[in-house]
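Structural overview for review
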Amino acid sequence: MTKRTSVAGLSLRDLEYIQSIAEEGHFGRAASICGVSQPAISQQVLKLEARLGFSIFERQGKHVSLTPNGQIVVRKAEILLAEARELLELSLGLNNSLEGELRIGVIPTLGPYLLPLILKPIKSAYPNVQISLFEEPTHILEEMLMKRELDTALAATEPRQQMLDSLALFFEHFILACPKELQRKPGKTVRWSGVLASKLILLSEEHCMRDQTMALCDRIDRPGHRVASSLEMLRQMVALGDGAALFPALSVSGPDRFGGLATLHPIEDGNFGRNIRLVWRNSDPRAEYLEQFGNFVRSQMEMPAMTKMSAGRS
């Protein structure tokens, strides 16, 4: 029988310490993040290095860096910590459906317009869930999901990572907004050829809607294109007459947010828009409950008033 190596003197908390130090490159900042004093974290690292028989960090005054052996240790520590966190998530999944903290990520072009419509029914249906919200571009949300920093995310594209599953929630149409000086009748539909002929302003590169707009319009990304860093800035640029733009329907539903300086036009000859999806890790022990959560959100968006808003009809 093979003798097992003893894990005496090794704790997950110590692995959290070295992971934080490696990320921060500084004992003091890592101690603050971990909620301990700097002398305490230094002492634990020294004990761990003594247990392993080599130095994990090279100390250079206040700055620290990983030794070659330390790089190997930290990579393995990250795997062990991820598995330990998944074990805790498993215990939650075995004991209840969906309770405790639920960390939801959302893309900037969706969150401010969708969340006010669904948070109240979610809180009513899930009274034992404490929701924490994070707003980031799609690629950052996927990274956070993979690192287990998020439980689920609301996005407008299918996930690129094989470890992520998703559920389509609803289709959100695009609406063309034009400067009022173009003298188009408010609410009058436009054909897609009219969109293609417009001088369009785009969102900046971090937004997936930029890629969707360019793909739909078969536009080439050329230097000098007018761009906006957010939907709200895009709204102001259209109002000032810089050009027209495509907006997600939820962002232009309700009261006029252009100050009377723009007109809105549904597109009449096709379904131009984006599929809003809920994304989660397929390894999450609560995957079944997260899918149920997605189905609940979808049921809210299938109500006639919600369907009308996501289609951009007033």
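Since the structure is predicted, the reported quantities are computational estimates derived from the model, not experimental observations.

Brief notes about the packing of aromatic side chains
One pass over the full model with this rule turns up 5 aromatic pairs. These aromatic residues form a ring-pair network of at least three members: Tyr126, Phe293 and Phe296. Above the plane of the ring of Phe258 lies Arg235, whose end atom (NZ or CZ) is 5.3 Å from the centre.

Considerations on the packing of helix α5 (residues 111-125) against helix α10 (residues 287-301)
It is the contact of α5 with α10, at a shortest axis distance of 10 Å, that shows an interaxial angle of 125°. Judged by the inter-axis angle, α5 sits oblique to α10. Between α5 and α10 the crossing geometry is right-handed. Within the contact between the two elements, α5 uses Leu114, Ile118, Pro121, Ile122 and Ala125 and α10 uses Phe293, Phe296, Val297, Gln300 and Met301. Considering only residue class, the contact of α5 with α10 consists of 9 nonpolar, 1 polar and no charged.

Digging into the confidence of the model for the protein
Within the protein, residue pLDDT values average 87, and 91% of them lie at 70 or more. The least confident element of the protein, judged by mean pLDDT, is helix α4 (residues 68-95) at 77; the most confident is strand β5 (residues 152-155) at 97.

Considering the nonpolar core
Judged by nonpolar contacts, the single largest core of 66 residues is most densely connected at Leu154, Leu246, Phe247 and Phe293. Of all the elements, strand β6 (residues 164-179) adds the most residues to this core, at 9 residues. If we skip the residues at most four places from it in the chain, Phe247 touches His173, Phe174, Ile175, Ala177, Met209, Leu231, Leu234, Arg235, Val238, Val252 and Phe258. Ranked by size, the runner-up nonpolar core spans 18 residues in total, among them Tyr17, Ala30, Ala31 and Leu48.

As for helix α1 (residues 12-24)
With 13 residues, α1 extends 18 Å from end C-alpha to end C-alpha; this agrees with the ideal 18 Å at 1.5 Å per step. If you check which residues of α1 are buried, you get Asp14, Leu15, Tyr17, Ile18, Gln19, Ser20 and Ile21. A positive phi of about 65° marks Gly25, the residue just after α1.

A word on helix α6 (residues 138-146)
Along α6, the positions that sit buried rather than exposed are Thr138, Leu141, Glu142, Met144 and Leu145. Relative to the axis of α6, the buried residues are bounded by an arc of 160° and lie together on one face. Contacts made by the buried residues of α6 are with β3 (100-106), β4 (129-135), β5, β6, α8 (208-217) and β11 (273-281). The first or second residue beyond α6 is Arg148, which carries a positive phi of 65°.

A few points about unusual backbone geometry
The phi torsion at Arg148 lies on the positive side, around 65°, for a residue other than glycine. Turning to its location among the elements, Arg148 is positioned in the loop between α6 and β5. A relative accessible area of 13% places Arg148 in the buried class. The backbone of Gln183 shows a phi angle near 60°, a positive value even though the residue is not glycine.

Analysis parameters
- Residues numbered from 1 in each chain as written.
- Predicted model: local features only at pLDDT ≥ 70, side-chain atom pairs only at ≥ 80, totals over all residues.
- Heavy atoms only, no water.
- Phe/Tyr/Trp six-rings, centres within 6.5 Å; stacked < 30°, edge-to-face > 60°.
- Lys NZ or Arg CZ within 6 Å of the ring centre and 35° of its normal.
- Axes fitted to C-alpha atoms, helices over the stretch in contact; angles between N-to-C directions.
- Helix = DSSP H or I, 4+ residues; strand = E, 2+ residues; numbered from the N terminus.
- Parallel < 35°, antiparallel > 145°, perpendicular 65-115°, else oblique.
- Left-handed = near helix turned anticlockwise from the far one by under 90°.
- Contact = heavy atoms within 4.5 Å.
- Nonpolar A, V, L, I, M, F, W, Y, C, P; charged D, E, K, R; others polar.
- pLDDT = per-residue confidence, 0-100.
- Core = buried A, V, L, I, M, F, W, Y, C linked by side-chain atoms within 4.5 Å.
- Buried < 20%, exposed > 50% of the residue type's maximum accessible area, 1.4 Å probe, protein only.
- Expected span 1.5 Å × (residues − 1).
- Arc of directions from axis to C-beta.

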